Amino acid sequence: MTFVRLTRFHLVALFFICTLPVSAQGRFQDWDLNKDGRLSREELPEPLRKNFTRADRDGDGFISADEDEAMRRQVASPFPMPEKVEIKTGFDYTGSGNPRQMLDLYLPKNRVGKDPLPLVIWIHGGAWRSGSKENAHLLGEIVATGEFVGASINYRLSGEAIWPAQIYDCKAAIRWLKAHAADHGYDPQRIAVAGSSAGGHLVAMLGVTCGHEDLEGTLGQYRDQSSDITAVVDFYGPADFLTMQEPPTTVDHNAPTSPESLIIGGAIQEHPEKARAASPQTYVSEDDRPMLIIHGTQDPLVPYNQSVRFEKALEAAGVPATLITVEGGGHGNKFGPDTNTLVIQFLRNQLSGQKLAMPDQTVPAMER
């Protein structure tokens, strides 16, 4: 096993990563969710959005394929990671050797106390067809507090395997992490999962399927470990595949090429049982894990009402749930530091015994 230690910068490949033209074209097409031949800010993976203005050279509010290619050819700038965080990479959680079944550990250099710390697992977005475990900047901020250990995981994308492979991977990663808790100084009984977009969907699924043996899978060496978790932070994840086609979405979610259709292996409205089986709202029950849900009202990719209805379903079942509404926020766009502060407070409440009230609230979008 190979470990890479990053103490100053987390080197993330952005637009300007040097790849073969075919790979660059494929990535552009993966990000172009509404297939209009150009990229909006909301269609980009979160860590890339700060570079949107640089890439949009003609200032028309979109990135063309030519602008994307030009940006790739520039010299890459490192993605900053807090200096208080050490990253170890190369952990194969299934033993398969598949890069999509690897995880990274984020260790605090300034850890608080001598006891094992809670663990926060980040699951990346990317419409289940792109993205990687390197897209975990918020996890670095969480671990830099010294109060948490972090992990960021890859999972098989829809181009490689359809549902339920993705949840099998996530649960196998959790079992591996529990088995190795003593090696890295975290508590296997205090684990939160967090993720955005497709990752928000997967962490929500983890929160509503604890104890569901049919969704465990058989991956890895640690079937004796439980994949149960303690709490969930869901950033704008789809909750009900069959009701995705709502304003202000700009994606034809019912098309056979939509992200939701690709992950279940067919157009969602033509395969309602498969769509329901892959939807977190289907599994809501009284023993689900506490959830913090964060969503922008102007999200053009995952409608805001997905989170409104999901929270109502959780509350009706008696599950503690908090919805943070980002008024005017898009698909992670214009989210400010207030949301990160609320995430850390929720994690302290659920994992470290703090008891500060966290009612539903609305925060304004940031102008960027």
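Calculation criteria
- Residues numbered from 1 in each chain as written.
- Predicted model: local features only at pLDDT ≥ 70, side-chain atom pairs only at ≥ 80, totals over all residues.
- Heavy atoms only, no water.
- Core = buried A, V, L, I, M, F, W, Y, C linked by side-chain atoms within 4.5 Å.
- Buried < 20%, exposed > 50% of the residue type's maximum accessible area, 1.4 Å probe, protein only.
- Contact = heavy atoms within 4.5 Å.
- Helix = DSSP H or I, 4+ residues; strand = E, 2+ residues; numbered from the N terminus.
- Pairing = 2+ DSSP bridges.
- Right-handed = clockwise from strand over helix to strand, strands pointing away.
- Expected span 1.5 Å × (residues − 1).
- pLDDT = per-residue confidence, 0-100.
- Salt bridge = Lys/Arg side-chain N within 4 Å of Asp/Glu carboxyl O.

Caption draft 1: Local environment of the nonpolar core. By size, the foremost hydrophobic cluster in this structure holds 56 residues, and its most contacted members are Leu 103, Ile 121, Ile 123 and Leu 177. Among all residues touching Leu 177, those that are not within four sequence positions of it are Leu 103, Leu 105, Leu 119, Ile 121, Ala 151 and Tyr 186. Core analysis: the next-biggest nonpolar cluster, separate from the first, contains 33 residues, Tyr 236, Leu 342, Leu 351 and Met 358 among them.

Caption draft 2: Fine view of the pairing of strand E7 (residues 117–123). Extensive coverage of E7 is indicated by the burial of seven of its seven residues. Of the pairings in the sheet, the one linking E7 to strand E9 (residues 186–196) comprises six bridges and is parallel in character. Within E9, the position partnered with Ile 121 by the bridge is Val 193. Since E7 and strand E8 (residues 149–153) lie parallel, the crossover through helix H4 (residues 137–143) that links them has a hand, and here it is right-handed.

Caption draft 3: Representation of helix H10 (residues 305–316) in the model. Its twelve residues give H10 an end-to-end C-alpha distance of 16 Å, which sits within 8% of 16 Å, the value for a rise of 1.5 Å per residue. Two residues or fewer past H10, Gly 318 is found with a positive phi of approximately 85°.

Caption draft 4: Focus on the confidence of the model for the protein chain. On average, residues of the protein chain carry a pLDDT of 89, and 88% of them reach 70 or more. Residue range residues 1–23 is modelled with pLDDT below 50. Its contacts to residues more than four positions away, or to other chains, number 64 contacts. This model gives residues 73–79 a pLDDT under 50, and the stretch forms 17 contacts once residues within four places in sequence are excluded.

Caption draft 5: Region of the structure containing helix H7 (residues 198–208). Of all eleven residues in H7, eleven are buried; the element is thus mostly enclosed. Listed as buried for H7 are Ala 198, Gly 199, Gly 200, His 201, Leu 202, Val 203, Ala 204, Met 205, Leu 206, Gly 207 and Val 208.

Caption draft 6: Highlighting the pattern of salt bridges. In total, this model carries twelve salt bridges according to the counting rule given. The salt bridge partner of Asp 169 is Arg 156, with a shortest N-O separation of 2.9 Å. Taken together, the residues span a long stretch of sequence, with Asp 169 in helix H5 (residues 165–179) and Arg 156 in the loop between E8 and H5 at a distance of 13 residues. For Asp 169, a relative accessible area of 0% corresponds to the buried category. Classification of Arg 156 by relative accessible area gives buried; the value is 16%. Here Asp 187 makes a salt bridge to Arg 190, at a shortest N to O gap of 2.9 Å. When its relative accessible area of 18% is taken as the criterion, Asp 187 is described as buried. Exposure remark for Arg 190: the relative accessible area of 25% places this residue in the partly exposed category.

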